[in-house]
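Structural description and commentary
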Amino acid sequence: MLTRSRMLQEIEKLRKELKIICDRLKDFNRVTGLTNVFTEKVISVDKSSDINVIFKGIVDKIMYKNYDGKDLVAIIDYKTGSTDIDIYNAKYGIGMQLIIYLYLISKSGLFENYSFVGFYLQKILNGEVNIERGKSYLDIKNNNLKLYGYSTEDILSLERFDLTYENSEYISGMKYGKNGFYRYSKVLSDKHMSSLIDLVDKKIEFARDEILNAKFDIEPKKISSDKDITGCKFCHYRDICFRKNDDVINLEKCNDLSFLNEEGDINA
């Protein structure tokens, strides 16, 4: 049990952490052109078939602004844990949180004519940091508060979201030069985003039908690059599961979005 003195120390530490986060958010609000915001937006999509089925999600933050008759939309999800942004395994229905938000907003009716600027995780309450030579404590904390995710490849839309996009101060790994985006920049076309939304729709319908058919086979998926069984990581029932080694389905890790072409959606 914490002593009163230790508790006050922890509260003061948290207060300083929250001030850094709030100051960083205010800095970005002064830079971004997407000045309208929805927070904790609850969105429900009717996926009824033989019975009523509602698919519902809560989006932490939706930033938007209308330019030339089109709403530019950015999605931000706050995280206190890991920031896993790999969308490639969406092929297997794994790691779909961010693109599910794309899907929900696309079906919400919030916007008539719109395009997505990007979808991101933002890790807050990072805790202790490792000191780096030549960088101040505040520089390190602000770097940890960068947005992790995928951005549009449309330059004008991206600039309206983040004026610093050429060597972004706010989006992790975002850099643009005379030859275009740097190799490590995570950018997607509108067609890619549209195809990912279609993929989510198919996965939701597949899961709905499997549940309605009472199909709950024990067949956890394991991505080849993962040490542990991918499908068991967050399962609340893994300790009482009757899983056998032969039940595990091994899958090759995806390293790009070429599977969207296989699905017949686009030329990836």
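Before reading further, recall that the structure is shown in the block above.
My aim in this report is to walk through the structure given alongside it, one point at a time. This is a predicted model, so every value here is computed, not measured.

Re the packing of aromatic side chains
Summed over all chains, the structure comprises 13 aromatic pairs. Considering the side-chain rings of Phe111 and Tyr114, the 6.4 Å spacing of their centres and the 50° angle between planes classify their relative orientation as tilted. The class for Tyr114 is partly exposed, based on a relative accessible area of 24%. Measuring from centroid to centroid gives 5.6 Å for Phe119 and Tyr150, while their planes differ by 25°, and the two rings are stacked. Within this pair, whereas Phe119 is found in strand S4 (residues 114–123), its partner Tyr150 is found in strand S5 (residues 147–152), the two being separated by 31 residues in sequence. For the pair Phe119 and Tyr150, one class covers both residues: buried. Within the aromatic cluster, the residues linked to one another by ring pairs are Phe38, Tyr64, Phe111, Tyr114 and Phe116.

A word on the pattern of salt bridges
Taken as a whole and assessed by the stated rule, the structure comprises 15 salt bridges. One salt bridge connects Lys253 with Asp86, and the closest N-O pair in it is separated by 2.5 Å. Taken together, the residues span a long stretch of sequence, with Lys253 in the loop between strand S10 (249–251) and helix H6 (259–262) and Asp86 in the loop between strand S3 (70–79) and helix H2 (97–108) at a distance of 167 residues. When its relative accessible area of 28% is taken as the criterion, Lys253 is described as partly exposed. What makes Asp86 partly exposed here is its relative accessible area of 21%. Each of Lys47, Asp201 and Glu205 takes part in one network of salt bridges that share partners.

With respect to the sheet that holds S4
Overall, mixed pairing links the six strands, which are arranged S1-S2-S3-S4-S5-S8 in an open sheet. If you trace the sheet from one side to the other, it starts and ends with strand S1 (36–46) and strand S8 (187–188), each paired once. Sheet topology places S1 next to strand S2 (residues 54–67); 10 bridges connect them, and they run antiparallel. Its bridge partner being in S2, Lys41 is matched across the sheet by Val59.

Reading guide: rules and limits
Residues numbered from 1 in each chain as written. Predicted model: local features only at pLDDT ≥ 70, side-chain atom pairs only at ≥ 80, totals over all residues. Heavy atoms only, no water. Phe/Tyr/Trp six-rings, centres within 6.5 Å; stacked < 30°, edge-to-face > 60°. Buried < 20%, exposed > 50% of the residue type's maximum accessible area, 1.4 Å probe, protein only. Helix = DSSP H or I, 4+ residues; strand = E, 2+ residues; numbered from the N terminus. Salt bridge = Lys/Arg side-chain N within 4 Å of Asp/Glu carboxyl O. Pairing = 2+ DSSP bridges.

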